[in-house]
Amino acid sequence: MHASVHHVKFLHPKGTQAADSNSHQVTHRSAIKSERVVLPDGTRPATVIVENGTIKTIAPHDYQGPCQDYGSLAILPGVIDPHVHFNEPGRTHWEGWETGTKAALAGGVTTVVDMPLNCIPSTNNLASLRLKQRSAGGKIFCDVGLWGGAVPGNAEDIPELVGAGALGLKCFLSDPGTAEFENLSAPHLQKAMEAIAQVNSVLLIHAEWPSALRGVDPTHDPETYEAWLSTRPVEAESEAVRQVVELSAQTGCRCHIVHISSPKVLKALEGTDLSCETCTHYLVFAAEEIGRQATNYKCAPPIRSREHQDGLWSALGDGRIQMITSDHSPCPPELKNSSFLESWGGIAGVQMLLTGVWTGASQRGYQLHDLARWLSEAPARLIGRAHELGSLAPGLTANMVVFDPEKECVCQTLYHRYQGSPYQGKAWKGEVVATYLRGECVYNNQSGHSAIPKGRLISNHP
Ligand SMILES: [Zn+2]
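It should be emphasised that the depicted structure is a prediction, and the values quoted were computed from it without experimental measurement. (Residues numbered from 1 in each chain as written. Predicted model: local features only at pLDDT ≥ 70, side-chain atom pairs only at ≥ 80, totals over all residues. Heavy atoms only, no water.)

Asks: A description of the nonpolar core should follow, citing residues and the corresponding values.
Replies: Residues L203 and I257 are the most contacted members of the largest nonpolar core, which totals 102 residues. The leading source of residues in this core is helix α7 (residues 234-251), at six residues. When near neighbours in sequence (up to four residues on either side) are disregarded, L203 contacts A150, L169, K170, C171, L189, M193, I196, C253, R254, C255 and H256. (Core = buried A, V, L, I, M, F, W, Y, C linked by side-chain atoms within 4.5 Å. Buried < 20%, exposed > 50% of the residue type's maximum accessible area, 1.4 Å probe, protein only. Helix = DSSP H or I, 4+ residues; strand = E, 2+ residues; numbered from the N terminus. Contact = heavy atoms within 4.5 Å.)

Asks: Got a sec to walk through the coordination of the zinc ion? Specific residues and values, please.
Replies: Bound to the zinc ion are the protein donor atoms H83 (NE2), H85 (NE2) and D327 (OD), situated 2.1 to 2.2 Å from the metal. Here the donor residues of the zinc ion share one chain and are spaced in sequence as H-x1-H-x241-D. Of this pair, H85 sits in the loop between β7 (79-84) and α2 (97-106) while D327 sits in the loop between β15 (323-325) and α10 (353-363), and the two are 242 residues apart along the sequence. The pair H85 / D327 is uniform in exposure class, with both members buried. (Donors = N, O, S within 2.8 Å, 3.2 Å for Na, K, Ca; no water.)

Asks: Describe the layout of surface pockets, and please don't skip the residues or the numbers.
Replies: Roughly 520 Å³ of internal volume is contained in the second largest pocket. The wall of the second largest pocket is formed by 27 residues, among which D175, P176, G177, A300 and G345 lie closest to the centre. (1 Å grid on protein atoms, 1.4 Å probe; cavity = no way out; pocket = protein on both sides within 12 Å on 5 of 7 lines; lining within 4 Å. Points joined across faces, edges and corners; volume = space filled by probe spheres on them.)

Asks: Requested: an account of the pattern of salt bridges, with residues and values cited.
Replies: As a working rule, side chains carrying opposite charge can pair if their charged atoms are close by. All chains considered together, the criterion is met by 22 salt bridges. The partner of R438 in a salt bridge is D143, and the shortest N-O contact between them spans 2.8 Å. Of the two residues, R438 is situated in the loop between β17 (427-437) and β18 (440-444) and D143 in strand β9 (residues 143-146); the sequence distance between them amounts to 295 residues. Given a relative accessible area of 1%, D143 falls into the buried group. The partner of D310 in a salt bridge is R364, and the shortest N-O contact between them spans 3.5 Å. You can see D310 sitting in helix α9 (residues 306-318) and its partner R364 sitting in the loop between α10 and α11 (368-382), a full 54 residues away along the chain. (Salt bridge = Lys/Arg side-chain N within 4 Å of Asp/Glu carboxyl O.)

Given below as structure tokens:
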């Protein structure tokens, strides 16, 4: 009777539980309720009944069985962040599985998908994917999926990467700045797309067209944000998207544009079926407020002016942008200094994804169900797991976050390896009270994380 539960195939890293608890096992039943459960058809009082890690049914609020009652706190589907850089193996001193996945859970994120670069080796072939899968064994507190890399000359590796569980491929069109991961030129991009279309996977693109990027203007003081911003114009994003759209139509490759920083880029996506994301930092920070030497705001594409930010919010409202990710990309503090040109780029934001987005969204009149749409449902589709993740519905995995939408607090401690995120020291709206993975409370804001990591590697198997 629970056959639908058990078709879910997980890889089993050492030290985590096997997924295929089958019918000879004891049935674990639990329930949580609140007056605001964010369901696919609306937010209402309800009880979520969980059996063996899967949502069994959505019962009325007056359900009489044993149940954890969260009063008027909101219960949302667990957040899926398909864009993080946890840097293990190889640069574990930048982040790592343990710190990264603990930060994720504390932010209500139950599934992350890790990017193929910044770890060493990059995840560009079967051996490096296997190495990364093994490196996660026994260390992951939330579920983790992996993207493979598409780099010049590895089109033949793509079928093997997908065959071994990669949820899709990621490429850069401009230089990512690490020696181990090269960007694709147009001919290589076409080759990669042809290979990906063959295996029916998806290509994620960092879309900045190198020839449209600008050199450093020597009249700019490198300690001002303008010095960085002026080198990465919106036109570089638009031009890259135009190239991708054309090749996608030619090859039939499904494409997704990561971290769009400006609504102007969306023009190039009009009338296509490509999906896209923006990131929390483009929605809650604006160029005008980035002070001298504040290089923890440096990322690419750059955070732009408030006008761009407003346009991104409208595009989320009408569906031109479907999802929001963190692009969590930390580095050790010694790689940042007072110069925007010398400092390593990247913002650590996985723990602030839900709270950051809600802070901006609630000010603009968006509702809790919009969060579920942008942070759970759409990313579940992107990673090909909408049949098991992304909403609170019977038959889906019971990943849930208990959220206090009215609570205001100043962001202080973050669980990732280094402090120094631009989110810190500022006031935010919305607090994660508890996070549930497969029906089990694995984090709460009073007692912290479960002692044992309960995360699993997820793959693309049907
Ligand atoms: Zn990234």
